[in-house]
Amino acid sequence: MHAPISVGLIGSQFISAIHAESLQHCPQAVLAAVASPTAGNAQALAERFGIRCALTDYRELLARPGRPIFGSREREGCDSASP
């Protein structure tokens with residue numbers, strides 16, 4: 001069996017929590033980092049899902065080698081799925 005894939009999340013709110021929950025059921029993946037401009041949100045998601053690294057700059061996450069990234073576009077007060 002291969003080593004798990006290390007995954008990083010960009011975003012720390014609703015959709016990212018759904019991604020994190022789903023990835024916990026995938027033994028081939030391990031959540032290694034989350035990036036959000038709001039440090040408290042990144043830290044809260046990291047604590048909730050056992051993510052080792054909480055960052056405030058997505059570029060720092062993207063600069064890490066060998067890590068698939070999931071991103072989410074979250075908007076407060078959005079009542080439509082269209083951009």
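Residues numbered from 1 in each chain as written. Predicted model: local features only at pLDDT ≥ 70, side-chain atom pairs only at ≥ 80, totals over all residues. Heavy atoms only, no water.

1. Regarding the overall build of the protein chain
Move 1: Along the backbone of the protein chain there are three helices and four strands.
Move 2: Along the protein chain, helices (α) and strands (β) appear in the sequence β-α-β-α-β-α-β when read from the amino end. (Helix = DSSP H or I, 4+ residues; strand = E, 2+ residues; numbered from the N terminus.)

2. A few points about a nonpolar patch on the surface
Move 1: The grouping of F14, I15 and I18 at the surface amounts to a nonpolar patch, some 290 Å² of accessible area in total.
Move 2: In this structure, F14 sits in helix α1 (residues 14–23).
Move 3: When its relative accessible area of 60% is taken as the criterion, F14 is described as exposed. (Patch = residues over 30% accessible without salt bridge, like charges linked within 9 Å, V, L, I, M, F, W, Y side chains within 5 Å. Areas by Shrake-Rupley, 256 points an atom, 1.4 Å probe, with all protein chains shown as cover. Salt bridge = Lys/Arg side-chain N within 4 Å of Asp/Glu carboxyl O. Buried < 20%, exposed > 50% of the residue type's maximum accessible area, 1.4 Å probe, protein only.)

3. Some points on the packing of α1 against helix α2 (residues 39–49)
Move 1: For the pair α1 and α2, interaxial distance at closest approach is 11 Å and the crossing angle is 20 degrees. It follows that α1 is roughly parallel to α2 by the angle criterion. The handedness of the crossing between α1 and α2 is right-handed. Judged by residue contacts, S16, A17, A20 and E21 of α1 engage L45, R48 and F49 from α2.
Move 2: Tallied by class, residues from the contact of α1 with α2 come to four nonpolar, one polar and two charged. (Axes fitted to C-alpha atoms, helices over the stretch in contact; angles between N-to-C directions. Parallel < 35°, antiparallel > 145°, perpendicular 65-115°, else oblique. Left-handed = near helix turned anticlockwise from the far one by under 90°. Contact = heavy atoms within 4.5 Å. Nonpolar A, V, L, I, M, F, W, Y, C, P; charged D, E, K, R; others polar.)

4. What to know about the nonpolar core
Move 1: Within the largest apolar cluster, 13 residues are counted, with the highest numbers of intra-cluster contacts made by L9, L31, V34, L45, F49 and I51.
Move 2: Going through the elements one at a time, β1 (5–10), α1, β2 (29–35) and α2 are the ones with two or more residues in this core.
Move 3: Sort the elements by how many residues they give to this core and α2 lands first, with four residues.
Move 4: Once residues lying within four places of it in the same chain are set aside, the contact partners of I51 are L31, A32, A33, V34, L45 and A46.
Move 5: Ranked by size, the runner-up nonpolar core spans six residues in total, among them I10, A33, A35 and C53. (Core = buried A, V, L, I, M, F, W, Y, C linked by side-chain atoms within 4.5 Å.)

5. Comments concerning α2
Because an α-helix packs 3.6 residues into every turn, residues spaced three or four apart end up facing the same way.
Move 1: Along α2, the residues classified as buried are A42, L45, A46 and F49. With its buried residues spanning 100 degrees around the axis, α2 presents them on a single face. Every exposed residue of α2 that faces more than 90 degrees away from the buried side is listed here: E47 and R48.
Move 2: Considering only its buried residues, α2 is in contact with β1, α1, β2 and β3 (53–55).
Move 3: Backbone geometry just downstream of α2 places G50 in the positive-phi region, at approximately 70 degrees. (Arc of directions from axis to C-beta.)

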